[in-house]
Each structure stands twice: as C-alpha cells, then as structure tokens.
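Geometric and topological summary
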Amino acid sequence: MTKLRGGEGILAQDQKDYVTLRLLVCPGYLSADQLRALADVAEKEGRGSIIITTRKGIQVPWIKFERAKEISAKLEMIGLPPGSCGRKVRAVVACAGTERCPFALFDIDALCSKITQKYYGRMTPTKFKTAVAGCPNSCSNPYINDFGIIGSETPRLIEDSCIRCGSCERLCRGDAITTIEDGLPVIDFDKCIHCGWCITNCPSGAMVADKCGFSITVGGKSGRIPALGLKVVDNVTEEELFKVLDNTFKYFDKFAEGRERIGKIIARRGLDHFKSEVLKDIKVQ
Ligand code: SF4
Ligand code: SF4
Ligand code: SF4
C-alpha cells in the first residue's frame, strides 16, 4: 500500500503521560492477522481495550506517550496507518455494500480506496469528512458528512417490453411510480430517489438504467450544531465526481473564513454560488 499520511494519529488523553492511537481502516475491513496484532498491542502496551469509532476507525487507548510513535510505525507496517486528526481530510467512510448488499450500485470499496489514496490527510481550512454509500439507503450517513457520495440509477421504461405486472409500482422506494389505465407504469422524476430498485426487479427487462453514476451532497455535519447536506448533482460519472471533489477543495481553500466547515460557507454564499464554482467543468444532468 502507498504510504498514507493522515498525521500522527496520536490523541491526548485526560490522563497525563497516556495517549490514544487512532488508526485508519480503509475501506473498513480488518484481517484476522491485524486483529491479533491489535490485541497484542492492546494487551502489552495498553490496558487490553480497543475502541471502534463511528467512522470505522480503530483507537487503542492507554498507550504510554513515549511508546506511541514506535507502536504506530509497527502497526503501519501491517496496513494500519495513523488516523487523520485536526484540519485535514479525515477517513472516508464506506457503507458495507460492495460484496454482499443487493442494493449496491457500484464498487464502494474501490471508490473509497481511490479517494483515500488521493486526498487522505490533505490540509483543509478545518476538518473535512466524506462518506460513500452504494445506494440511496445511505447506510454510511453521507448526508451528515461534508461531502456525501451516493450511488444513483435513473430508470427509463421500454414500453414494448413491459408485461404490466405492476411490480415496479409496488416496490418503488420513492412512491414515484403509478400505473395508468392500460397498466403501463409512469415515473414521477420529482419523486424518484434514483435507487434503481425498479430496474433490478423488473421481470421483463422493460425498466432499464437510463443514467447511472453518483449523487453528491455537500455541507452536512454532525456535532454540536448538526446539519444535513444539500444535494448538488445526480448521476455524475466517476471522472466527474473527482472533478467535483477537486473543485470542492479549491472552493473550501478559497472561501473559508477562519475555521468554518464547508456547509457554513455554503449557508453564507448560497448553494448556487457553490454549484457555479464546482460544477463548471462538468455537464450537469
Ligand atoms: S447504502 Fe445501499 S449499498 Fe450500501 S450497505 Fe446500505 S443498502 Fe447496501
Ligand atoms: S416491473 Fe417491469 S414489466 Fe412490470 S410493470 Fe414495471 S416495467 Fe412493466
Ligand atoms: S429508481 Fe427507485 S425511486 Fe426511482 S422509480 Fe425506480 S424504484 Fe422508484
């Protein structure tokens, strides 16, 4: 693995002389060997406990400060680099969908790894959190991250292939489908949440993917004053997604006042201003 630099990953504890090690787990899997090594570190160097964080990271508390760097270097050798702290791009959180979830619309782990390789640890005006979800079920909470990525699929009906079974209307996640008198489904695209479920479940292949890609949300956060991210665009390609991400970092660097999160800039300058800056290189669908 390319060496990932998120920072030292050493967090101060209330207790003088002790620190907690924060480790990156990307895209969210720990091997049995890594777990054994972590258990050894926790027993020999800490107090036998390990913390699993909300961002799928691992923390090992009660490490003597003077031992922290050496232990951290050893854990990096087994694929557990230091976690990101402070004014930087933090760990990207991926949902669990890639291999096992029937709803997954793309390879979530691969995208999470690519984003991590490209941006992890980049300096930003203040912390920047990203989450990747394989479908609009949004299990990794993209709407409460600074940058949310959600797999999206937009359906199109091929009327001649439709056997008028009504499955799509029954299964539609967004109540976006109604059937007209002759049994043909009609999609209300104002309600469609781009989950692709009608496409997956159509028995005759009449519902097809017209557009697919990623929806992007921006400006979400948890914390003391939580906020939901705002939808920026649907169905961008992976190449366009990375352009939007690049432009978002430029926007953040250029317009942040002090240590405000990106959602605060957007609240101050407006979503249209943000879109005009970050979508300028891509064709909006
Ligand atoms: S967000 Fe979608 S793809 Fe990911 S785990 Fe949840 S249901 Fe599955
Ligand atoms: S599920 Fe497919 S075949 Fe059935 S009504 Fe919908 S589009 Fe037609
Ligand atoms: S993509 Fe999802 S929300 Fe949109 S019409 Fe199909 S099932 Fe309904």
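If you're wondering where the values come from, they're calculated on a predicted model, not measured in any experiment.

Focus on empty space enclosed by the protein
Under the defined criterion, the tally for this structure stands at three cavities of 30 Å³ or more. Looking at the largest cavity, its volume works out to about 110 Å³. Around the largest cavity, the lining is made up of 16 residues, and of these C162, C165, C168, P185 and C202 lie nearest the centre. Counted by class, the lining of the largest cavity contains 10 nonpolar, five polar and one charged residues. The calculated volume of the second largest cavity comes to roughly 90 Å³. Forming the walls of the second largest cavity are 13 residues, and the residues nearest its centre are P155, C172, C192, C195 and C198. Across the lining of the second largest cavity, the residue classes break down as nine nonpolar, three polar and one charged.

Thoughts on the site of ligand 3
Every residue near ligand 3 is listed here: E153, P155, C172, R173, G174, I177, I187, C192, I193, C195, G196 and C198. Tallied by class, the residues present in the shell around ligand 3 amount to eight nonpolar, two polar and two charged.

Points about the pattern of salt bridges
On inspection of all chains with the given rule, the structure shows 15 salt bridges. For the salt bridge of R67 with E45, the shortest nitrogen-to-oxygen distance reads 2.6 Å. Taken together, the residues R67 in the loop between β4 (58–64) and α2 (68–77) and E45 in helix α1 (residues 32–45) connect sequence positions 22 residues apart. The partly exposed category is assigned to R67, whose relative accessible area is 25%. For E45, a relative accessible area of 23% gives the class partly exposed. Across the salt bridge formed by D246 and K118, the nearest N and O atoms sit 3.5 Å from each other. Of the two residues, D246 sits in helix α7 (residues 238–255) while K118 sits in helix α4 (residues 108–119), which places them 128 residues apart along the sequence.

Re the sheet that holds strand β1 (residues 10–12)
Spatial ordering of the open sheet is given by β1-β2-β4-β3, a layout of four strands whose pairing is antiparallel. Two strands close off the open sheet at either side, each with one partner strand: β1 and β3 (51–52). As judged from the five bridges shared by strand β2 (residues 18–23) and β4, these two strands associate in the antiparallel manner. For R22, the partnering residue across the bridge sits in β4 and is Q59.

Here's the deal with the site of ligand 2
Residues in contact with ligand 2 amount to 13 residues; listed here are only the nearest, C162, C165, G166, C168 and C202. Of all the cavities here, the one that holds ligand 2 is the largest cavity. Among the residues forming the shell around ligand 2, the class breakdown is nine nonpolar, three polar and one charged.

A short note on the packing of aromatic side chains
Scanning the entire structure with this criterion turns up 10 aromatic pairs. Here the aromatic rings of Y18 and W62 are separated by 5.2 Å at their centres, their planes lie at 75 degrees, and the arrangement is edge-to-face. Remark: W62 occurs in strand β4 and Y18 occurs in strand β2; sequence separation between them is 44 residues. Taking relative accessible area as the criterion, Y18 reaches 21% and is therefore assigned partly exposed. Ring geometry for F128 versus F147: centroids 6.3 Å apart, planes at 35 degrees, classification tilted. In this pair, F128 sits in the loop between α4 and β6 (130–133) while F147 sits in strand β7 (residues 147–157), placing the two residues 19 residues apart along the sequence. Note on F147: relative accessible area 0%, which makes it buried. Following the ring pairs from residue to residue traces out a cluster consisting of Y119, F128, F147, F242, F249 and F252. The ring centre of Y18 lies 5.3 Å from the NZ or CZ of R47, which sits over that ring. The side chain of R47 reaches across the aromatic face of W62, ending 3.7 Å from its centre.

Focus: the domain arrangement of the chain
Domain assignment breaks the chain into domain 1 (10–77), domain 2 (93–152 + 213–278) and domain 3 (156–208). Using C-alpha coordinates to define each centre, domain 2 is positioned 29 Å away from domain 3. Of the roughly 540 Å² buried at the junction of domain 2 and domain 3 (both faces included), carbon and sulfur atoms supply 65%. The largest contributions to the domain 2 side of the interface with domain 3 come from F103, L105 and P136, which together make up 58% of the buried area. Taken together, the links from domain 2 to domain 3 amount to zero salt bridges. Applying the counting criterion to the domain 2 and domain 3 interface returns one residue pair in polar contact (both at pLDDT 80 or more). Every element with two or more residues in the side of domain 2 that touches domain 3 is listed here: β7 and β11 (230–236). A per-class count over the side of domain 2 that touches domain 3 returns four nonpolar, three polar and one charged.

What counts as what
- Residues numbered from 1 in each chain as written.
- Chains lettered and ligands numbered in written order.
- Predicted model: local features only at pLDDT ≥ 70, side-chain atom pairs only at ≥ 80, totals over all residues.
- Heavy atoms only, no water.
- 1 Å grid on protein atoms, 1.4 Å probe; cavity = no way out; pocket = protein on both sides within 12 Å on 5 of 7 lines; lining within 4 Å.
- Points joined across faces, edges and corners; volume = space filled by probe spheres on them.
- Nonpolar A, V, L, I, M, F, W, Y, C, P; charged D, E, K, R; others polar.
- Near = heavy atom within 4 Å.
- Salt bridge = Lys/Arg side-chain N within 4 Å of Asp/Glu carboxyl O.
- Helix = DSSP H or I, 4+ residues; strand = E, 2+ residues; numbered from the N terminus.
- Buried < 20%, exposed > 50% of the residue type's maximum accessible area, 1.4 Å probe, protein only.
- Pairing = 2+ DSSP bridges.
- Sits in = over half its atoms within 2 Å of the grid points.
- Phe/Tyr/Trp six-rings, centres within 6.5 Å; stacked < 30°, edge-to-face > 60°.
- Lys NZ or Arg CZ within 6 Å of the ring centre and 35° of its normal.
- Domains from an automatic or database assignment.
- Buried area = accessible area lost by both parts, 1.4 Å probe.
- Polar contact = N/O pair within 3.5 Å; in protein donor to acceptor, adjacent residues only side chain to side chain.

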